[in-house]
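# Tertiary structure, described
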Amino acid sequence: MFLPAKTTRTETALPRACSLAEGDWHILSGFWHPVAWSEEVAAAPVPVRLLDERLVLWRDEPGIVHAAKDLCLHRGGRLSRGKVCAGQITCPLHGFRYDGSGACRKVPALGAEVPIPKRLRLDIRASAERYGLVWVCLAESPRAPLPDWPLIEAGIGTIARVPSAVWQASAARHVENFNDLCHIPFVHPDTFGGDEDRTIAPYRVEIGAGTLSYEAEYTEQTRYKTPGAAPQGRRTRHYAYALTLPFASWLTITDAESEFHVFDIASPVSAMTTRIFQILVDRTGRLQPAEMIAFQNRINAEDAPLVEAQSPLELPLDLRDEIHIPADRMSIEYRRMLAGLGLGAETILGPTAPGD
Ligand SMILES: [Fe+2]
């Protein structure tokens, strides 16, 4: 009987049943993406998925988080269904134990005097903890650092972490929607949307190394009303959007009395499935975390079903594929920058939105 030829296992091999185009996967795997809140990684191993790669996270005895492919090379055991023993991830099938470097430290059936095969190693991926999040980079060397957000670590005001939700949408569609001023009156009339007929003044997008930003005034009409109640009046606030490629956004909303920040990171679970991580900072300290989270969840509930219904689900990066208006300057530049990374070079016919 003939067996198929063995391919060489490499660090950058695509996951099985990868939903992304191969080129897109290789580009996105070079960035850091959040995969869990820090507090989620405690005594038990945690399964996560990033760019279709199944990973296991665990915390060792000094408290360092590690990430590896969720696979024991002995018999293909799913490590996330095992346990952590003395800071080492332990396979549920035969009790093989691995340390944070990926080295196998114990094979119970082998006996302590017999050497452990050197090839018995985990496929470790780079991980980091920052801003209360666990970040993973699937590539051997990240092509960009983590977003630089010292404000989250300054300890001023109230910080709230929104329980993350999974959207059935591409990460880039989510990011574009988050950074779009034009959609607010129509999608958010029950939270903070202003007049539908207010035109958007021309604005300038600043482009940096892997970043883009713009600022605008926005008149909110109903920010804190409860659903169904009358508008509470208007207030004009300054909106400053700052986006770090590929999927990390930071919105600062200020007026004379307040300074509010929304950090929003879209983590690509697969091509069309995205886990959303949001950190809110009220610099005045007047708001309570529970009310900040409740209001943000109302906003998210307005966005999600509409972004999940956009067609196509993936963000078209060829500017000829959709029609643009001047108020789309940010989204035009975002699409250009993603295309500039090399994304979207291969056309894939992904799934369409529900109802198409
Ligand atoms: Fe929105």
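Rules used throughout
- Residues numbered from 1 in each chain as written.
- Predicted model: local features only at pLDDT ≥ 70, side-chain atom pairs only at ≥ 80, totals over all residues.
- Heavy atoms only, no water.
- Helix = DSSP H or I, 4+ residues; strand = E, 2+ residues; numbered from the N terminus.
- Rg over C-alpha atoms; globule rule 2.2 N^0.38 Å.
- Buried < 20%, exposed > 50% of the residue type's maximum accessible area, 1.4 Å probe, protein only.
- 1 Å grid on protein atoms, 1.4 Å probe; cavity = no way out; pocket = protein on both sides within 12 Å on 5 of 7 lines; lining within 4 Å.
- Points joined across faces, edges and corners; volume = space filled by probe spheres on them.
- UniProt positions renumbered as here; feature names shortened; annotations may be inferred.
- Pairing = 2+ DSSP bridges.
- Contact = heavy atoms within 4.5 Å.
- Axes fitted to C-alpha atoms, helices over the stretch in contact; angles between N-to-C directions.
- pLDDT = per-residue confidence, 0-100.
- Polar contact = N/O pair within 3.5 Å; in protein donor to acceptor, adjacent residues only side chain to side chain.
- Donors = N, O, S within 2.8 Å, 3.2 Å for Na, K, Ca; no water.
- Tetrahedral: all angles 85-135°; square planar, octahedral: opposite > 155°, others 65-115°.
- Domains from an automatic or database assignment.
- Buried area = accessible area lost by both parts, 1.4 Å probe.
- Salt bridge = Lys/Arg side-chain N within 4 Å of Asp/Glu carboxyl O.

If you look the protein up in an unreviewed UniProt entry, it shows as Aromatic ring-hydroxylating dioxygenase subunit alpha from Paenirhodobacter hankyongi.

### A closer look at the overall build of the protein
Broken down by element type, the protein carries 6 helices and 17 strands. What you see for the protein is a C-alpha radius of gyration of 23 Å, in line with the 21 Å of a compact globule of 356 residues. By principal-axis analysis of the C-alpha atoms, the protein measures approximately 75 × 45 × 40 Å. Split into buried and exposed, the 356 residues of the protein put 49% on the buried side.

### Considerations on empty space enclosed by the protein
Empty space among the atoms becomes apparent when a probe as large as a water molecule is rolled across them. Tallied over the entire structure, the rule returns 3 cavities of 30 Å³ or more. Empty space within the largest cavity amounts to approximately 240 Å³. Taken together, 24 residues form the lining of the largest cavity, with Phe178, Phe192, Leu251, Gln296 and Ile299 sitting closest to its centre. Among the elements of the structure, α3 (171-178), β14 (235-244), β15 (248-254), β16 (259-270) and α5 (289-307) are those that each provide at least two residues to the lining of the largest cavity. With 6 residues, the single largest contributor to the lining of the largest cavity is α5.

### Details of the UniProt feature "domain: Rieske" (unreviewed entry) in the protein
Those residues carrying the UniProt feature "domain: Rieske" (unreviewed entry) are residues 32-136 in this numbering. End-to-end, the C-alpha atoms of residues 32-136 are 5 Å apart, and along that stretch the chain is 0% helix and 42% strand.

### Some thoughts on the sheet that holds strand β17 (residues 273-282)
Spatial strand order, β11-β17-β16-β15-β14-β13-β12: 7 strands in an open sheet with antiparallel pairing. Looking along the sheet, the strands with just one partner apiece sit at the ends: β11 (158-167) and β12 (206-207). Where β12 lies against strand β13 (residues 211-220), 2 bridges are found, and the strand directions are antiparallel. Residue pairing in the sheet places Ile207 in a bridge with Leu212 of β13. The sheet contacts of α5 involve β11, β16 and β17, and relative to β11 the element is tilted by about 25°.

### Observations regarding the confidence of the model for the protein
Predicted confidence across the protein gives a mean pLDDT of 91, with 91% of residues reaching 70 or more. Every residue in residues 4-11 scores below 50 in pLDDT, and together they form 7 contacts with partners more than four places removed in sequence or on other chains.

### Some thoughts on the environment of Thr236
Tracing the chain through its elements places Thr236 in strand β14. With a relative accessible area of 43%, Thr236 lands in the partly exposed category. Between the C-alpha atom of Thr236 and that of Gly194, which follows or precedes it by 42 residues, the distance is 9.5 Å. Leaving out residues up to four positions away in the same chain, Thr236 has contacts with Glu217, Tyr218, Thr219 and Asp255. At 2.8 Å, the side chain of Thr236 forms a polar contact with the side chain of Thr219.

### Brief notes about the side chain of His183
Its location among the elements puts His183 in the loop between α3 and α4 (184-187). At a separation of 2.6 Å, a polar atom in the side chain of His183 contacts the main-chain carbonyl oxygen of Asp180. With residues near it in sequence (within four places) discarded, His183 still touches Asn177, His188 and Asp303.

### Examining the coordination of the iron ion
Taken together, the protein donors to the iron ion comprise His183 (NE2), His188 (NE2), Asp303 (OD) and Asp303 (OD), at separations of 2.0 to 2.5 Å. Metal-centred angles of 57 to 154° between the 4 donor atoms at the iron ion mark the site as irregular. In primary sequence terms, the donor set of the iron ion follows H-x4-H-x114-D. Each of the two residues, His183 as well as His188, counts as buried.

### Section: the environment of Gln221
Here Gln221 is to be found in the loop between β13 and β14. For the pair Gln221 and Gly193, spaced 28 residues apart in sequence, the C-alpha to C-alpha distance is 5.9 Å.

### Quick word on the sheet that holds strand β9 (residues 124-130)
Ordered in space as β1-β10-β9-β4-β3-β2, the 6 strands form an open sheet in which the pairing is antiparallel. At either end of the open sheet lies a strand with only one pairing partner, and these are β1 (33-37) and β2 (46-50). Within the sheet, the average angular offset between the axes of one strand and its neighbour, ignoring direction, is 35°.

### Section: unusual backbone geometry
In this chain, Leu245 is followed by Pro246 through a cis amide linkage whose omega measures 0°. The omega torsion across Ser311 and Pro312 is 0°, close enough to zero to call that bond cis. The topology assignment puts Pro312 in the loop between α5 and α6 (329-340). Within the chain, Leu51 stands out as a residue other than glycine whose phi angle is a positive 50°. Tracing the sequence through the fold places Leu51 in the loop between β2 and β3 (53-59).

### Examining the domain arrangement of the protein
Split by domain assignment, the protein resolves into domain 1 (22-137) and domain 2 (150-340). Its C-alpha centre places domain 1 at a distance of 33 Å from the equivalent point of domain 2. Contacts between domain 1 and domain 2 engage 17 residues on the former and 18 residues on the latter. For the pairing of domain 1 and domain 2, the buried interface totals around 1,500 Å² over both sides, and the portion due to carbon and sulfur atoms is 64%. By the criterion of area lost to domain 2, the three top residues of domain 1 are Pro34, Trp37 and Tyr131, representing 41% of everything that side buries. Counting across the interface, domain 1 meets domain 2 through 2 salt bridges. For Glu153, the salt bridge identified is with Arg130, shortest N-O distance 3.0 Å. Our count for the contact surface shared by domain 1 and domain 2 stands at 8 residue pairs in polar contact (both at pLDDT 80 or more).

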